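Structural description and commentary
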Amino acid sequence: MTRLPIPNAALLLASVAGLLLCGCAYTIEEKPGSAELLKGDVLYRVGETKRALETVEAGLVRAADPEIAARLHYQKGRLFAIEQGDPQTAMRELAAARRLGYAPATRLMAEMHADGSLGEPDPAAAIALYREIYAEDPRAALGLARLLHEAGGGTAPDAMVRQLVRGAITALERDAAAGRTSAARSLAGLYADGKLAPRDDAKVAQYLSSAIKAGDEAALVDLASVWLGAGLDSQAQRARLLLEDAGGRGSRPAMVELGRAFRNGAFGAPDPAASARWYGMAQDAGEPGLEFALASLLLESGDDPARLAKAVGMFERAVAQGDARAAVVLGRLYAAGRGGAPQPERAFALFQQAALAGQPDGAMELGRAYAAGVGAPANPTEAVAAWSRAVRLGSRGAHKELGQAYADGFGVPVDFVRASEHLEIAAADGSVTAAMRLAELHEKGVGEGPNLPLAAEWYKTAADRGSVMAASNLAALHERGLRGTPDYAAAARWHESAADQGSLPDMRRLAELYGDTRLPLAEPRLAVLWLRRAAEAGDVSSMLELAKAYGAGRGEPPAKGEVERWLSLYARAAPGAAGKIAYGYE
């Protein structure tokens, strides 16, 4: 395999020193702040973020040239946005660079508005920023096209979007041919996504390979991700070799990707030990933000007190570094009392912190805390507000909470239509609870009158996902008749589904159905079989009924021994029972 030129910190810093000493250093030195700009970029790329920030701030003090100042403001904003977890400060620095006419700063501001870095996604603000620079910045043109495409419902791109994409591709291809790796990676992402241009795996590999040859570590990880996503063992092993080669030579992005891949089982069975080893190597090499991943691995290893305490400490450090995901997990631990006594107030504060940082799960958990009064007085109105915000931030799970709130009138007026909208989204994502609530609403006819066929569809959805109650309720609907005529055969099938999962009421009901000689499915032998299954599972009333069945010879020849046995078990389970005397077996 070709070894990729991945520079280390010492080499890059030595290169900077060389530039400052050679003849070409004159143009750098004649513009105050330019040396700090170059050194800060090098420090950022090798993970020395604290030193990078100090260097950039020193350069801003010296910078007089607007272009140098703009680039330094951009670098500082990028550090605060990506490394420091402080989007507000980042936005102020980027705005300063934007005022000085630096297009990449405007693009990063647009990206932060689009992904909700400031709290909630703001597509309108992002579109306005992209419009300022899309004619000169092809990556901004793609960002604008993507947002306009989504605003149009995500269907086939319209004429304006197609024009933007064509122009961006032309410009990016020109830049990629000139050796700009960021352009090659943008093209690879465009063809991998398949939304604004037809998916083309060959072009993805072509552009990423060209970026890798130019020494772009991020492109290397992107290519490995493409191979991993192919779902083929051979491609996964290619990705592993590529990443391990790069990781072994010091590539922090490759180490992080290996940690992720081993954790997710991308190379076979999940391997937490290998995952922790690569994450640890990346952290030792200066990669920030890995406390969360390492703490999560510890948490997944079980509830050993020492490991749990270590994980909590690591999550706390991640929270201190601004990781909103860590705040959510840590809040859940404190709320549940894992590792010690419950700390509801601390949990509430963490959920609030995560929600304010724009973390969807943080907003969802904050709503649950308000709903249950965990760490703060119960407040249904605030709960609904938090869940609504979670939905706007992209949470799918919060749709279930909102749907139930509208169905129950919890914090909002009852609204069957909105309840159904949210519950259907949650049910489509696999929520059994949401499917059950939809079935119940349609069965009871809340808002629009009963709709038993639709209720049956949602009960079936929940039953197919393993809900015993849904199977039992669906059986009861068929007994009533979805359109007026009972369907006892269908009812029996769903009662059996529930009974096979251990439902005693469904076993008893099957015995009743098969024992009812008025019904076309009457089968005394099956009635006795289901009574016996219920009795053997510990249902006391079925023990007595089974004894009666054996005594009367229903489904089986009369058997005094079986009568004696089941009456004896019934008498022990229900002291004072007079079953033996009632049947004359003294």
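1. A word on the environment of Asp271
Within the fold, Asp271 resides in the loop between helix 15 (252–264) and helix 16 (272–284). For Asp271 and Ala261, which are 10 residues apart along the polypeptide, the C-alpha to C-alpha distance reads 8.9 Å.

2. Quick word on the pattern of salt bridges
Close approach of charged atoms allows side chains with opposite charge to pair. Overall, the coordinates contain 36 salt bridges when judged by the stated rule. Two residues, Arg260 and Glu257, come together in a salt bridge whose shortest N-O distance is 2.4 Å. Pair noted here: Arg260 and Glu257 are both in helix 15, with a separation of 3 residues, about one helical turn. A relative accessible area of 38% places Arg260 in the partly exposed class. Classification of Glu257 as buried rests on a relative accessible area of 9%. Arg332 is paired through a salt bridge with Glu365; the nearest N and O atoms lie 2.8 Å apart.

3. Quick look at the environment of Glu111
Note on placement: Glu111 falls in helix 7 (residues 103–115). Look at Glu111 and you get partly exposed, because its relative accessible area is 30%. Put simply, Glu111 and Pro123 are 12 residues apart on the chain and 9.3 Å apart in space, counted from C-alpha to C-alpha.

4. Regarding the confidence of the model for the protein
Overall, the prediction assigns the protein a mean pLDDT of 86, with 91% of residues at 70 or greater. The spread of mean pLDDT over the elements of the protein runs between helix 1 (residues 9–21), the lowest at 36, and helix 21 (residues 360–372), the highest at 96. Counting interchain partners and residues more than four positions distant, the pLDDT-below-50 stretch residues 1–29 has 41 contacts. Taken together, the stretch residues 579–586 has pLDDT below 50 and engages in 11 contacts with residues farther than four places along the chain or on a different chain.

Cut-offs applied
Residues numbered from 1 in each chain as written. Predicted model: local features only at pLDDT ≥ 70, side-chain atom pairs only at ≥ 80, totals over all residues. Heavy atoms only, no water. Helix = DSSP H or I, 4+ residues; strand = E, 2+ residues; numbered from the N terminus. Salt bridge = Lys/Arg side-chain N within 4 Å of Asp/Glu carboxyl O. Buried < 20%, exposed > 50% of the residue type's maximum accessible area, 1.4 Å probe, protein only. pLDDT = per-residue confidence, 0-100. Contact = heavy atoms within 4.5 Å.

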